[in-house]
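Commentary on secondary and tertiary structure
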Amino acid sequence: MPLPNAAPPSPQALSPALDAATRPLRVLGIESSCDETGVALVQTQPAAPGAASPPVPQLLAHALHSQIDMHRLYGGVVPELASRDHIRRVLPLTQQVLQQAGCSLQELDVIAYTKGPGLAGALLVGAGVACALGAALGTPVLGVHHLEGHLLSPFLSADPPQFPFVALLVSGGHTQLMRVDGVGRYQLLGETIDDAAGEAFDKSAKLLGLPYPGGPELARLAEQGDAQAFDLPRPLLRGDNLDFSFAGLKTAVLTQVQRLGEQAQARRHDLAASTQAAIVDVLVRKALLALRQTGLQRLVVAGGVGANRLLRATLDAACARRGVRVHYPELYLCTDNGAMIALAAAMRLQAGLQEPSRVWSFDVLPRWPLEDVAV
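Residues numbered from 1 in each chain as written. Predicted model: local features only at pLDDT ≥ 70, side-chain atom pairs only at ≥ 80, totals over all residues. Heavy atoms only, no water.

**Details of the UniProt feature "domain: Gcp-like" (unreviewed entry) in the protein**
Applied cut-off: UniProt positions are given in the numbering used here, feature names are shortened, and annotations may be inferred rather than shown by experiment. Every helix listed is a DSSP run of H or I at least four residues long, and every strand listed is a run of E at least two residues long, numbered separately from the N terminus.
Mapped onto the present numbering, the UniProt feature "domain: Gcp-like" (unreviewed entry) falls at residues 58-342. For the annotated span residues 58-342, helix accounts for 48% and strand for 18% of the residues, and the straight-line distance between the end C-alpha atoms is 10 Å.

Structure, rendered in structure tokens:
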């Protein structure tokens, strides 16, 4: 992608101050935290006179490259290979997004990138490219929390939520329940004390001999099995505890595989179905408990595991019985993507919570609690 040849402008020569309340802003988002390279462009709109809040930013274009085929050869994500592939993909994807949106580099108001959490080397690629573009163009940059991107991604769906709500964040490395009262207004209600739900899916799938990525493979296999065939544990369901624990479930799956011995291959459909049912049961019951404890009537489910069909169907039925609205991101927004990063940056700008930086040095935070970005 051709970049401007001129030296970065002085601070006095930069574009007018960004004010999402008075003019539309175009925000480019770059996601590179793990094994997907995502780039997207969103545009904010000022609030109408008398409106309580501005409209949700509009998604203008997005592009995504998944590294699944490359990592499948190794049975899991290889961090160094992930970083190298991000380097190859991010600029062509950026050019593709800008062409789709009919937007030039010079028309960008902010360049956002995933600052963390994630794989350090992979995060550095996105941060480095974003800050290099920013320095070359004189465009401010903004580091975004990966989980905040997931948390806000349902606002790009056809049925966006309204604040306040309970959020169930379920991804490969995170399982959390949050009370969300607004952008940046997050209260942690409960989280996993060991393996996340996505890890339970993936590790159990590996025990069953399924290829990477294991979670979707296990869910497909489970469709052919009997979910009642094996009595697997559902930890931490007693009392009012909103924390999760899935390590014991993985151990129980291993025990069943060892007991079955040569029959394990023939029974893996049933074991997959029983494993999925146990994970979904815990997630649903904890989410309903969080709604009851907070008194809220709206649930948002986000993250890669949020695409699971059984989870969606079970939550839909349970919430319908209780008169609770449940919202999901569109399926293409469940996995890591640039749209959620651009959106989170734009919504933080609209809320006046964060100013983008024209200091184009950068760092990343491979470990970064979501509570740290709360106000």
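Now, onward.
**A closer look at helix α2 (residues 79-101)**
Residue pairs spaced three or four apart in an α-helix point in one direction, given the helix's 3.6 residues per turn. Put simply, the rule is: Multiplying 1.5 Å by the residue count of a helix minus one yields the expected span of that helix. The term bend refers to the angle at a residue between two fitted axes, each drawn through seven residues, those ending there and those starting there. Relative accessibility under 20% of the residue-type maximum defines a buried residue, over 50% an exposed one, and the middle range a partly exposed one, all with a 1.4 Å probe and only protein chains included. Note on definitions: a residue-residue contact is assigned when non-hydrogen atoms from the two residues lie within 4.5 Å.
Relative to the 33 Å expected for 23 residues at 1.5 Å per residue, α2 spans 31 Å between its end C-alpha atoms, a close match to the ideal helical length. Along α2, the sharpest kink reaches roughly 35 degrees, centred on arginine 89 and followed within four residues by the proline proline 92. Of the positions making up α2, those classed as buried are Ala82, Ser83, Asp85, His86, Val90, Leu93, Thr94, Val97 and Leu98. Lining the buried residues of α2 we find β1 (26-31), β2 (36-43), β3 (58-66), α1 (68-72) and α3 (120-137).

**Examining the pattern of salt bridges**
Our working definition: The salt bridge definition used is simple: a Lys or Arg side-chain nitrogen within 4 Å of an Asp or Glu carboxyl oxygen.
Under the criterion given, the structure shown has 16 salt bridges. The partner of aspartate 195 in a salt bridge is lysine 203, with the nearest N and O atoms 3.2 Å apart. Among the residues examined, aspartate 195 registers a relative accessible area of 9% and is labelled buried. Classification of lysine 203 by relative accessible area gives partly exposed; the value is 32%. Of the charged contacts in the structure, one is a salt bridge between glutamate 217 and arginine 220, with a shortest N-O distance of 2.8 Å. Of this pair, glutamate 217 and arginine 220 both sit in helix α6 (residues 214-222), three residues apart, which is roughly one turn of the helix. Residue class for arginine 220 comes out partly exposed when judged on its relative accessible area of 46%. Through salt bridges that share partners, Asp85, Arg88 and Arg89 make up one connected network.

**Focus: the side chain of serine 171**
Examined against the element boundaries, serine 171 turns out to sit in the loop between β6 (165-170) and β7 (175-182). Not counting the four nearest positions on each side in its chain, serine 171 is found in contact with Ala196, Gly198, Gly303, Gly304 and Val305.

**Description of helix α8 (residues 264-294)**
Here α8 contains 31 residues, and its C-alpha end-to-end distance of 43 Å stays within 8% of the 45 Å for a straight helix at 1.5 Å per residue. Considering bend angle alone, the principal kink of α8 is centred on aspartate 270 and spans about 35 degrees. For α8, the buried fraction is high: 23 of the 31 residues fall into the buried class. Of the residues flanking the end of α8, it is glycine 295, one or two places downstream, whose phi is positive at about 75 degrees.

**What about the environment of leucine 260?**
Relative to the helices and strands, leucine 260 resides in helix α7 (residues 247-260). A relative accessible area of 13% places leucine 260 in the buried class. If sequence neighbours within four positions are ignored, leucine 260 has contacts with Phe230 and Arg267.

**A short note on unusual backbone geometry**
That bond from glycine 116 to proline 117 is cis: its omega, -10 degrees, falls within 30 degrees of zero. For leucine 236, which is not glycine, the phi torsion reads 60 degrees and is therefore positive. Along the polypeptide, leucine 236 turns up in the loop between α6 and α7. Leucine 236 gets classed as partly exposed once you look at its relative accessible area, which sits at 30%.

**Quick look at the UniProt feature "binding site: substrate" (unreviewed entry) in the protein**
In the numbering used here, UniProt assigns the "binding site: substrate" (unreviewed entry) feature to Leu169, Val170, Ser171, Gly172, Gly173, Asp202, Gly215 and Asn308. With respect to the helices and strands, the residue valine 170 is situated in strand β6. What makes valine 170 buried here is its relative accessible area of 0%. Once you skip the residues sitting within four places of it in the chain, valine 170 turns out to touch Thr175, Ala197, Leu283, Val301, Ala302, Gly303, Gly304, Val305, Gly306 and Leu311. As for its position among the elements, glycine 215 is in helix α6.

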